[in-house]
Every structure is written in C-alpha cells, then in structure tokens.
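Remarks on the overall topology
Single-letter residue listing:
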Amino acid sequence: MSHLIRTDDFSTDEIKELLADAKKFSDGRFERILQDKIIITLFFENSTRTKSSFEIAAKRLGAEVVHLDVAKSSTKKGETLVDTAMNLDSMGPHAIIVRHQNAGVPKILSKHTKASIVNAGDGAHAHPSQALLDLYTLMDHFSDVNGKKIAIVGDIKNSRVANSNIELLTRFGMEVILVAPPHFLPKTDLRATHHIKEIIDEVDVIMSLRTQTERHSSQNYASLKDYASDFCITEELVRDRDIILLHPGPVHRNIDISDALLDDPRCKVLKQVSNGVNIRMAILKKLIANV
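In this report, the structure presented in the accompanying data block is examined. Every chain is numbered on its own, with residues counted from 1 as its sequence reads. Side-chain atom pairs in this predicted model are given and counted only at pLDDT of 80 or more, local residue features only at pLDDT of at least 70, and totals for whole chains, interfaces and linings cover all residues. Note that water and hydrogens are dropped before the side-chain values are worked out from all heavy atoms of the structure.

1. Section: the overall build of the protein
Comment: elements are numbered from the N terminus, with helices defined as DSSP H or I runs of at least four residues and strands as E runs of at least two. Scanning the protein for helices and strands turns up 10 helices and 9 strands. In terms of overall size, the protein behaves like a compact globule, its C-alpha atoms giving a radius of gyration of 19 Å where 291 residues would be expected to give roughly 19 Å. For the C-alpha atoms alone, the extent of the protein along its principal axes is close to 55 × 45 × 35 Å. Only protein chains enter the accessibility calculation, which uses a 1.4 Å probe. A residue is then buried if its area is under 20% of the maximum for its type, exposed if over 50%, and partly exposed in between. In the protein, which comprises 291 residues, the proportion classed as buried is 53%. Contact criterion: two residues are considered in contact whenever any of their non-hydrogen atoms come within 4.5 Å of each other. The long-range share in the protein, meaning contacts at least 24 apart out of those at least 6 apart in sequence, stands at 75%. Here the protein displays about 13200 Å² of accessible surface, and carbon together with sulfur accounts for 47% of that area. For a compact globule the rule gives 2.2 Å times the number of residues to the power 0.38, and the radius of gyration it is set against comes from C-alpha atoms. Calculation of accessible area relied on Shrake-Rupley with a 1.4 Å probe; when residues are assessed, cover is drawn exclusively from the protein chains displayed.

2. Section: the environment of I279
Looking at where I279 falls in the secondary structure, it is placed in helix α10 (residues 269-288). Exposure remark for I279: the relative accessible area of 0% places this residue in the buried category. For I279 and K268, which are 11 residues apart along the polypeptide, the C-alpha to C-alpha distance reads 16 Å. Aside from chain neighbours lying at most four places away, what touches I279 is L18, L19, A22, S129, L132, L133 and Y136.

3. Describing unusual backbone geometry
Here the bond from G249 into P250 is cis, since omega is -5 degrees, no more than 30 degrees from zero. Inspection of the secondary structure assignment puts P250 in the loop between β9 (244-246) and α9 (259-262). Despite not being glycine, S143 shows a phi value in the positive range, around 75 degrees. Residue position: S143 is located in the loop between α5 (128-142) and β5 (149-153).

Following this line, the structure appears as structure tokens:
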C-alpha cells in the first residue's frame, strides 16, 4: 500500500505525473474514478484549507468521505492513536488522512494499517501535500522553476511547510534562501539571512510563513507587531519588482503580508488554495484509484 508521509515518498517522475494530473483537474470537473472508495479524515489539529480541500477533492473524484470528530472519539476515553487507526482500518477505508500536532504520527500509523495514510501535517515535521501544491503553483506560473530563487520568510524552525518545500523545491532545481530572526532559523546548510532587504533584488518568489506561537516554548517578541516591523512583506518592500508571493495560510494580515499586497495580482495565496484541490485530487487518484 502506498502512503504519502513525506514528499520524498514519491519519485521525481511520480511528482511530474501528479502535476500533469492536477493540470487536467484544473477545470473543476468531476471525474468519478474513486466511486465506491471510502476516505476517512482524522484531524487532531484545526484546519480550514487542508481538510476542506481534501474533502472536496475526494468528492469530485466520487469517493465517500467520513470525518471522525476527534473531540467525540474514543481517544478522549484513553484509546491510543494506534488502536484508533487499527479500528478504523478494520472497517475497510481506502485512505486515512491524518493531521496531528506530534511529528511522526502518520508514519507510525502507516505501519499498522492496510489503508493508505496521507500526512496532512505532523507537528513541525512535514506537510507534503502543501509542498506539492506550492510546486504546482510555481510550475503553473513559471513553467520551469529550475534556477529560480525563493525566499522562505518567517518562523522556519517550527514550520512543517518549510521542511517539505525545502526538500521538494531544491529537488526541482530552485535555490532556497531562508530569512528569519536567529531564533526562528534551524541548523541548515542553506543560505540564510536575518534581513530580507539583503536578498529582495535577487529572488523570484517570496514564501511568507505564519509565526506559530503555539509551538514556541517561550515568547520571542513583545508582540507580533514587533516581529512584523522586520519581516512583514509590504508594498514598500516589494515595490514594482517582478516577484510572486506565496503563503500556506492562515495569513496574519499585516504581520506576515500587508493588506495591500494580499490584494496585489502578484499574490498567489488564493491560487494556492484552488490549486490545493487539484493536487489533492491527483494525490488521491495515485494512492487509491487502482486499489
């Protein structure tokens, strides 16, 4: 059984096939290739975009979706995550889409299920479907991303989105530059800076990240406004440069990206959301269409 735990679970050729399938799905049509398939969504963390787009993707492909309300599940009675997954798996779903606040949970569950496990975000570890939709958005805009430069800006150390994008985008020939205050930078061999103005003239893409205060062990800034004074992506910073803007959401307005730039045509945030449905249709097709 195939799983999607990290982006490197798929080869480069498989990812190219995914992107091609996503392109075919971009007209919004329904293709009932997953009729009679059952997909369970198991989200232990809040989600708007990922959960909804996976469910819409599944329904466009004709699958039945069962959402387990974690607050009303037996995990609240002391049942282990593995036992929960094994019990759900024994009911015969074809895929279980998992989000959890702890890194490694989807990998652990994949060892105990026959159903495909799709990692919808695990702690600060990985978010493979987000990276795939980001690559798809970039490929749709540039056609060829090889040699393009992207600045990932913000709370990189705590970002599963950054981890997955670094692995995937560098594989496709992009140069990734990390921009963050010292306490938000992980140990890395990538080029890094604390000052976005140092690299603004050479990048083709800026990916802003949310400051994930829920993952901080201590307060790093007196307020998010203090953080924004150095790292918010504003019209004064970008000016008329030929740069596109990405953000995985949710966006903290005027903290991550200014209101003016969110309304700018160079901002692809909502395009990322619509592309998320297409790429997740392609993911589900690959994992369970022939099961």
